[in-house]
2 protein chains.
Amino acid sequence: MSTDLSADPLAILARARDEVTPALREAVARLDDTTRTISGYHLGWTDAAGVPTPGGARGKAVRPALALLSALAAGHDARAGLPGAVAVELVHNFSLVHDDLMDGDTERRHRATAWTVWGSANAILTGDALLALATEVLLESRSPHAGAAASLLAATTRDLIRGQALDLAFERRPAVSLAECREMAAGKTGALLATSAAIGALLTGGPGDLVDALAEFGAELGLAFQLIDDLLGIWGDPATTGKPVWSDLRSRKKTLPVTYAASRRDGTGRAVARWLRGTEALDEAGLRRVADLIEAAGGRAWAAEEASRRLAAAEHALDRVPIPGAPRADLLELARFIVTRTA
Amino acid sequence: MSTDLSADPLAILARARDEVTPALREAVARLDDTTRTISGYHLGWTDAAGVPTPGGARGKAVRPALALLSALAAGHDARAGLPGAVAVELVHNFSLVHDDLMDGDTERRHRATAWTVWGSANAILTGDALLALATEVLLESRSPHAGAAASLLAATTRDLIRGQALDLAFERRPAVSLAECREMAAGKTGALLATSAAIGALLTGGPGDLVDALAEFGAELGLAFQLIDDLLGIWGDPATTGKPVWSDLRSRKKTLPVTYAASRRDGTGRAVARWLRGTEALDEAGLRRVADLIEAAGGRAWAAEEASRRLAAAEHALDRVPIPGAPRADLLELARFIVTRTA
């Protein structure tokens, strides 16, 4: 991916996945039988019986792609960012395995989640193993900056946990402010995207202002990413997103568009806030009416506009630092793709 | 603890706890509200309402004591081992919080376990936070060997997880061999004690053969520690150990003395194996008869003798390297204490 200027986002992601998968497999191979098997399933490499699934349901590889482009942005080969790419993908998957269990989610990427197949205890253990493995892989890199990168990743994990703790706490509260909801999203999504975008430059000894600009790019992109995720969770096509239909509304998840809508002081806003405080289970038609209500209160339009503003802020962050043309184009293309994606 | 030669094990542990607690509190203070509160409770600093408990139920601080003595053994000040001491205590407590949940244990140190007070999701998150914090603290140490120490700790966490995965797998099996049970104990207990004993010397740039000898000392000590733990779980006084009476036998836990007894080919051994394969719930009298049966099959005596052999091997490991008199005496005293303790 070091010389290409075509900047097709799907090709960027596919190349990143091709680069990172062998290293990721090598890392996961070190784990004990149990957590290795479950990791292989969760990562889409095998089915629940352990049989390889060559065309299996993989993640989008957004974080590894950012980490590899980050090394290129610092003027180095993409491979110099590889330990960072593997590490951020491991931390991301640690959080998915644990979050699915904590949130009681039974499906991801059209498949049963790890805890539903192997039980809670084994899912806890698998997440733990992926988290420890991320540190191990990163510290094995030959970069003299590996310690700084691992330190950043550990602090990022703390931010991730802070975001998930807020998310869990929100479930027990009748209402949350938009500021609180943003803080949660900054922790749950922004922090790891920021670190993904910075880690390649950090590992290759890139200048501080470049590392900072890439981190800011990633943080803004993370908020845009979450806004789009929230929009797709309500108005997306379940066949494409891989999430059960209406699941976010069914669980009254306090996502960004919902929180925005509920914060409006007009009649529709108050109606959204009332539904959010309620407890009654709604059928499909009822959930569709709630979606319409959130849209009428401006939640859908605001979230789309806010995602565009975040994308602009992300692009702006890159303006102030020198970055070679090809990785700059790829970073921008990836950012635009994230905001226009439908899955 | 740098000049004392009195070598009273309880004093060694108390001094280690005094050294490590302020640094541990400083680290935990960085966490978000939820995981900080739960960590403070789990570590015995507060009650479930968040009220400080100055004389609260603390851990024995065996691992921090080993880490501080490890720095002294390399000829440095105990404080040079402090980031290592904090990190191993954090990893130990990460594993306790998650293991209590995975094992369904409701009591630890005479108190309700974290997951029973705050629920599974928050307990998962708290363990995650403690694990990430361990890496962070270690990498902040000014030692040029911090990266190597963090790398070792991450690999140790993988061993710990391997041990717990085996333990969980054993629950679903009618029998396990003594070799498998040793492997499990080496992972669950030996690995982190080995790293605790080595990490201070590693952080201070001690010679490789010293680091290796200390790690071997810790690994042997870990097996002795587990054997004594298993003995106390069956024949210890619940008022002292803080564990519910007969809990290990009630859950048919495949501990070392039980596995040894069940591996005997005589009548009592076969009776133990039969009980282990069974599923019927036993009352107190029945559990007492099982304990007597395990003792009659030689499980109790073998475990005590094996603990002594492991202690001797631990002592022997230290013989081959030069270590200043005071920390050598303290390490040996601590090792003997671990094998003769009653709680």
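Summarised in this report is the structure supplied together with it. None of these values were measured; they are calculated from a predicted model.

A closer look at the nonpolar core
L90, L214, F217, L249 and I294 of chain A together with L90 and F217 of chain B are the most contacted members of the largest nonpolar core, which totals 202 residues. Among the elements that line this core, the one with the most residues is helix α9 (residues 208–235) of chain A, at 15 residues. Among residues more than four places away in sequence, those in contact with F217 of chain B are L66, A197, A314, E315, A317, L318, L331 and A335 of chain B. Within the second largest apolar cluster, 13 residues are counted, among which are W246, V272, W275 and L276 of chain B.

Digging into unusual backbone geometry
All names here are of chain A. Positioned with a positive phi, W246 is a non-glycine residue whose angle comes to about 60 degrees. Position of W246 among the secondary structure elements: in the loop between α10 (238–241) and α11 (247–250). In this structure W246 comes out as buried when scored by relative accessible area, which is 9%.

Observations concerning the packing of helix α15 (residues 299–319) of chain A against helix α16 (residues 325–340) of chain A
All names here are of chain A. For the pair α15 and α16, the least separation of the axes is 10 Å and the interaxial angle reads 170 degrees. Regarding the angle of α15 to α16, the classification is roughly antiparallel. Residues A307, L311, E315, L318 and D319 of α15 lie in contact with α16, whose contacting residues are R328, L331, L332, A335, R336 and V339. For the contact of α15 with α16, the per-class residue count stands at seven nonpolar, no polar and four charged.

Some thoughts on the interface of chain A and chain B
Residue-level contacts link 34 residues of chain A with 34 residues of chain B. The contact between chain A and chain B buries some 2800 Å² in all, and 70% of this surface belongs to carbon and sulfur atoms. When the buried area of chain A at its contact with chain B is split by residue, L125, R158 and I161 of chain A rank highest and sum to 20% of it. Along the contact surface separating chain A from chain B lie two salt bridges. Of the charged contacts in the structure, one is a salt bridge between E136 of chain A and R158 of chain B, with a shortest N-O distance of 2.6 Å. Counting residues per element, the ones that place at least two in the side of chain A that touches chain B are α2 (33–42), α4 (82–103), α6 (120–140) and α7 (146–171) of chain A. In terms of residue class, the side of chain A that touches chain B is made up of 18 nonpolar, nine polar and seven charged.

A short note on the relation of the copies chain A and chain B
Mapping chain A onto chain B leaves a residual RMSD of 0.0 Å; the transformation is a rotation of 180 degrees accompanied by 0.0 Å of translation along its axis. Viewed as a symmetry operation, the transformation between the two copies matches a two-fold axis. Residues of chain A ranked by C-alpha distance from the rotation axis are headed by G147 of chain A, positioned 2.7 Å from it.

With respect to the pattern of salt bridges
All names here are of chain A. Under the criterion given, the structure shown has 41 salt bridges over all chains. When the shortest N-O distance is used, the salt bridge between R320 and E216 registers 3.0 Å. Here the residue R320 occupies a position in the loop between α15 and α16, and E216 occupies one in helix α9, the gap between them amounting to 104 residues. E216 sits in the partly exposed class, given a relative accessible area of 33%. Each of the salt bridges in this network shares a partner with another, and the network as a whole consists of R182, E220, E306, R309 and R310.

Details of the packing of aromatic side chains
Applying the stated criterion across every chain yields a total of four aromatic pairs over all chains. Ring centres 5.1 Å apart and planes at 65 degrees place the aromatic pair Y41 of chain B and W118 of chain B in the edge-to-face group. With Y41 of chain B in helix α2 (residues 33–42) and W118 of chain B in helix α5 (residues 114–118), this residue pair connects regions lying 77 residues apart in the sequence. Sitting above the plane of the W45 of chain A ring, R25 of chain A keeps its charged end 4.5 Å from the centroid.

Remarks on the side chain of D248 of chain A
Residues and elements named next belong to chain A. Of note, D248 is situated in helix α11. The exposure class assigned to D248 is buried, which follows from its relative accessible area of 12%. Apart from the residues within four sequence positions on either side, D248 is in contact with G233, K253 and T255.

Description of helix α3 (residues 62–73) of chain A
All names here are of chain A. Look at α3: 16 Å from first C-alpha to last across twelve residues, which is about the 16 Å you get at 1.5 Å a residue. Across the twelve residues that make up α3, a large majority, twelve, are buried. Those residues of α3 that sit buried are V62, R63, P64, A65, L66, A67, L68, L69, S70, A71, L72 and A73. In this structure, the buried side of α3 is in contact with α1 (9–28), α4, α8 (178–203), α9 and α16. G75 lies just past α3 and shows a positive phi near 85 degrees.

Topic: the environment of G147 of chain A
When you line up the elements, G147 of chain A lands in helix α7. C-alpha of G147 of chain A to C-alpha of L203 of chain A: the two residues are 56 residues apart in sequence and 9.1 Å apart in space. Discounting chain neighbours no more than four positions away, the residues touching G147 of chain A are L139 of chain A together with L139 of chain B.

A few points about the side chain of D100 of chain B
Residue and element names in this part refer to chain B. Tracing the backbone through its elements, the reader meets D100 in helix α4 (residues 82–103). A relative accessible area of 4% means that D100 is categorised as buried. Residue contacts for D100: discarding those within four places in its chain leaves D105, R108, T113 and W115.

Details of the environment of L168 of chain B
With respect to the helices, strands and loops of the structure, L168 of chain B is situated in helix α7 (residues 146–171). Spatially, the C-alpha atoms of L168 of chain B and L24 of chain B are 30 Å apart, while their sequence positions differ by 144 residues. For L168 of chain B, the residues in contact, after removing those within four places along its chain, are A121, N122 and L125 of chain A together with M102 and D103 of chain B.

The rules behind the values
Residues numbered from 1 in each chain as written. Chains lettered and ligands numbered in written order. Predicted model: local features only at pLDDT ≥ 70, side-chain atom pairs only at ≥ 80, totals over all residues. Heavy atoms only, no water. Core = buried A, V, L, I, M, F, W, Y, C linked by side-chain atoms within 4.5 Å. Buried < 20%, exposed > 50% of the residue type's maximum accessible area, 1.4 Å probe, protein only. Helix = DSSP H or I, 4+ residues; strand = E, 2+ residues; numbered from the N terminus. Contact = heavy atoms within 4.5 Å. Axes fitted to C-alpha atoms, helices over the stretch in contact; angles between N-to-C directions. Parallel < 35°, antiparallel > 145°, perpendicular 65-115°, else oblique. Nonpolar A, V, L, I, M, F, W, Y, C, P; charged D, E, K, R; others polar. Buried area = accessible area lost by both parts, 1.4 Å probe. Salt bridge = Lys/Arg side-chain N within 4 Å of Asp/Glu carboxyl O. Least-squares fit on C-alpha atoms with pLDDT ≥ 70 in both. Phe/Tyr/Trp six-rings, centres within 6.5 Å; stacked < 30°, edge-to-face > 60°. Lys NZ or Arg CZ within 6 Å of the ring centre and 35° of its normal. Expected span 1.5 Å × (residues − 1).

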